[in-house]
Amino acid sequence: MASLKALKMRINSVKSTQKITKAMKMVAAAKLRRATEAAQASRPYAERLEAVVSSIASKVTVGPQSPRLLAGTGKDDVHLLVVATSDKGLAGAFNTNIVRLARKKAEELRAAGKTVKFYTIGKKGKDQLARTFRNDIIHSIEPGDLGKLSFTDVQGWGEDLTARFEAGEFDVAHLLFSKFVTVLTQEPTAIQLMPVAVATDGSVPSVGASVEYEPDEEEILADLLPRNVSVQLLRANRENAASEQGSKMTAMDNATRNAGDMINKLTIQYNRTRQAAITTELIEIIAGAEAL
Amino acid sequence: MPLHFELVTPEKLCRSDDVYMVVVPGSEGDFGVLEGHSPIMSTLRNDATLDIYATQGATPEKLTIAGGFAEVNEKGLTILAEQVVEAV
């Protein structure tokens, strides 16, 4: 049986752990609010841009002159997975869930005979993917604090990706991130980033035939498509920021509760041990008195 | 009848209200948009000024925008811009 002093020390150490996890939970809760606001604020732009792009794209006939971001490279061999995660851990299964989706997707694509490459955003995703796909990671970015990312940061990555696409490094790019549904649920999601997926089922609201274009459709598209890539990246990172904080909050809440349970258990053990020690002492005293 | 005008950046929805007229710096020349303008889509010049007239004859409010795109449809005017700078 552990000594009283050792027990006391363990209780104290669990107590300080609990204080830390509690503080981290509070911080995550405060950051979560800001992150969800940012995620929601970036939605109108992304939605409008998407609507405009698909309505123009549905009008343009795809030919050899069309922008590559719309027409694709004409092949479907090399797939790039852009895996967006965070730099920091301690957020429950947040990073692991995204990486798991990436692995699943990679295996599916490989089984279909495609080449898979990775482009990672975030240290955690890179570290986890490097265990099995070390040689397939073509580039990795460390974004730092996801909540502080601005559009200008993301634009650089978008331009880099577009340049690689134009250079023919890959044929199709998918973007993987965690979609923020509620604090408790985050959904790892994959969307097609390049070439632009155009809804062909007529779900795109028609703009009417009388729309004027300045300059013409092709030039507008050439201007908008690279921007669309950056906007999607920004949106993914904003969603990730919110998901990360949500996931962190839940994880830290669980940790705090577990620490509480631990403290209760240890305290009971401490009290029992103390009681046992007192009883032993009493027996000794009584036995001593009787012997006289 | 006022014109419904929306200005959106990737960071947030900057402006969404009813105005009288907006002069848009299109890449092929400025054009004024009033209520009932025919549908048009246009890219915008970089770092150009957008004049917003809240009412007829009012002094225009000037905004400098970068990396923009304008769309006019039956619902009004929507401008997507990468950056918006409030002019002095």
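Residues numbered from 1 in each chain as written. Chains lettered and ligands numbered in written order. Predicted model: local features only at pLDDT ≥ 70, side-chain atom pairs only at ≥ 80, totals over all residues. Heavy atoms only, no water.

1. Concerning the overall build of chain B
Here is the rule: Where helices and strands are cited, they refer to DSSP runs of H or I of at least four residues and of E of at least two residues respectively, numbered from the N terminus. For the radius of gyration, the atom set is restricted to C-alpha positions; the globular benchmark scales as 2.2 Å times the number of residues to the power 0.38. Contact between two residues is taken to exist if any of their heavy atoms lie within 4.5 Å; hydrogens are not considered. Only the protein chains shown count as cover for residues, with accessible areas throughout obtained via the Shrake-Rupley method and a probe of 1.4 Å. Charge assignment: positive for Lys and Arg, negative for Asp and Glu; neither His nor the chain ends contribute. Working definition for charges: the position is that of NZ of Lys, CZ of Arg, CG of Asp or CD of Glu.
When helices and strands are tallied, chain B shows zero helices and eight strands. Starting at the N terminus and ending at the C terminus, chain B contains elements arranged as β-β-β-β-β-β-β-β. For chain B, the C-alpha radius of gyration of 12 Å lies close to 12 Å, the compact-globule estimate for 88 residues. With the C-alpha coordinates of chain B rotated into their principal frame, the extents come out at 30 × 25 × 25 Å. Sequence separation of 24 or more characterises 44% of the internal contacts of chain B that already satisfy a separation of 6 or more. A total of about 4,100 Å² of accessible surface is found on chain B, and carbon and sulfur atoms cover 50% of it. Between the averaged position of the 5 positive side-chain charges in chain B and that of its 14 negative side-chain charges there is a distance of 3 Å.

2. Some remarks on the interface of chain B and chain A
The line we're drawing: Two parts placed together each lose some accessible area under a 1.4 Å probe, and adding up what both lose gives the buried area. The salt bridge criterion pairs a side-chain nitrogen of Lys or Arg with a carboxyl oxygen of Asp or Glu, the two atoms within 4 Å. A 3.5 Å cut-off defines polar contacts: any pair of N or O atoms within that distance qualifies, except that in protein one atom must be a possible hydrogen donor and the other a possible acceptor, and neighbouring residues in sequence count only when both atoms are side-chain atoms. Classification used: nonpolar for Ala, Val, Leu, Ile, Met, Phe, Trp, Tyr, Cys and Pro, charged for Asp, Glu, Lys and Arg, polar for all others including Gly. By this definition, two strands are paired if DSSP reports at least two bridges between them.
Tallying the contact residues gives 25 residues for chain B and 25 residues for chain A. Buried surface at the junction of chain B and chain A, both sides included, amounts to about 2,100 Å², of which 59% is carbon and sulfur. Inspection of the region where chain B meets chain A yields two salt bridges. Residue R48 of chain A pairs with E6 of chain B through a salt bridge whose shortest N-O separation is 2.9 Å. Connecting chain B to chain A are three residue pairs in polar contact (both at pLDDT 80 or more). In terms of residue class, the side of chain B that touches chain A is built from 10 nonpolar, nine polar and six charged. By the bridge criterion, three bridges tie strand 6 (residues 212–214) of chain A to strand 5 (residues 40–43) of chain B in an arrangement that is parallel.

3. Re the packing of helix 4 (residues 94–111) of chain A against helix 5 (residues 123–133) of chain A
Residues and elements named next belong to chain A. Just so we agree on the cut-off: The convention used is that axes are lines fitted to C-alpha atoms, helices contributing only their stretch in contact, and that angles between N-to-C directions extend from 0 to 180 degrees. For a crossing to be left-handed, the near helix must be turned anticlockwise from the far one by less than a right angle; the clockwise case is right-handed.
Viewed as axis vectors pointing N to C, helix 4 and helix 5 meet at an angle of 35°, and their least axial separation amounts to 9 Å. Helix-helix and strand crossings are classified by hand; for helix 4 and helix 5 the assignment is right-handed. Together, N95, T96, V99, A102, R103, A106 and R110 of helix 4 and K124, G125, Q128, L129, T132 and F133 of helix 5 make up the contact between the two elements. Here the contact of helix 4 with helix 5 is composed, by residue class, of five nonpolar, five polar and three charged.

4. A closer look at the nonpolar core
The condition is simple: We call a set of buried Ala, Val, Leu, Ile, Met, Phe, Trp, Tyr and Cys residues a nonpolar core when their side-chain atoms join them within 4.5 Å. Under the scheme applied here, a residue whose accessible area is under 20% of the maximum for its type counts as buried, over 50% as exposed, and between as partly exposed, the area being computed with a 1.4 Å probe on protein chains only.
Of all hydrophobic cores here, the largest spans 51 residues; its most connected members are I56, V82, L161, M194 and L233 of chain A. With residues up to four places along the chain from it excluded, the contact list for L233 of chain A reads V82, I121, V154, W157, G158, L161 and L175 of chain A. Within the second largest apolar cluster, 19 residues are counted, among which are I40, L50, V72 and L77 of chain B.

5. Details of the confidence of the model for chain A
Note that predicted coordinates carrying low pLDDT should not be read in detail. Note the threshold: Looking at any residue, its pLDDT shows the predictor's confidence there, from 0 to 100.
The share of residues in chain A with pLDDT of 70 or more is 93%, and the mean pLDDT across the chain is 86. Element-level mean pLDDT values for chain A span from 76 in helix 3 (residues 68–71) of chain A up to 93 in helix 1 (residues 4–41) of chain A.

6. Considerations on the packing of aromatic side chains
Residue and element names in this part refer to chain A. Selection rule: Two aromatic rings from Phe, Tyr or Trp, using only the six-membered ring of Trp, form a pair when their centres are within 6.5 Å; if the ring planes differ by under 30 degrees the pair is stacked, by over 60 it is edge-to-face, and anything between is tilted. Ring-over charges, as used throughout, are those where CZ of Arg or NZ of Lys falls within 6 Å of the ring centre and within 35 degrees of the ring normal.
For the structure shown, the criterion picks out two aromatic pairs over all chains. Ring geometry for F165 versus F170: centroids 5.6 Å apart, planes at 45°, classification tilted. A single burial state applies to F165 and to F170, both of which are buried. Note that K8 overlies the ring of Y270, its terminal NZ or CZ placed 5.1 Å from the centroid.

7. So, the pattern of salt bridges
As a working rule, side chains carrying opposite charge can pair if their charged atoms are close by. All names here are of chain A. Going through the model one piece at a time under the given rule, you end up with 15 salt bridges over all chains. For the salt bridge of D253 with R257, the shortest nitrogen-to-oxygen distance reads 2.6 Å. Here R257 and D253 lie together in helix 7 (residues 217–291), a separation of four residues that amounts to about one turn. Among the residues examined, R257 registers a relative accessible area of 48% and is labelled partly exposed. The network of salt bridges with shared partners includes K25, D253 and R257.

8. Some details on the pairing of strand 5 (residues 186–194) of chain A
All names here are of chain A. Strand direction decides the pairing type here: strand 4 (residues 172–180) and strand 5, joined by eight bridges, are antiparallel. Paired with A173 across the two strands is M194, which belongs to strand 5. Between strand 4 and strand 5, which pair antiparallel in sequence order, lie five residues.

9. Quick notes on the packing of helix 1 of chain A against helix 7 of chain A
All names here are of chain A. Quick reminder of the rule: By definition in this entry, angles of less than 35 degrees are roughly parallel, angles greater than 145 are roughly antiparallel, angles of 65 to 115 are roughly perpendicular, and the rest are oblique.
Two numbers describe how helix 1 lies on helix 7: the axes approach to 7 Å, and their chain directions differ by 160°. With respect to each other, helix 1 and helix 7 are oriented roughly antiparallel. Between helix 1 and helix 7 lies a crossing whose hand is left-handed. Looking at the contact of helix 1 with helix 7, its residues break down into 21 nonpolar, 10 polar and 10 charged.

10. Side note on the side chain of R235 of chain A
Residues and elements named next belong to chain A. Topologically, R235 is positioned in helix 7. Among buried Asp, Glu, Lys and Arg side chains, R235 stands out as unpaired, with E239 the closest opposite charge at 4.3 Å. Those residues in contact with R235, other than ones at most four positions away along the chain, are S42 and A46.

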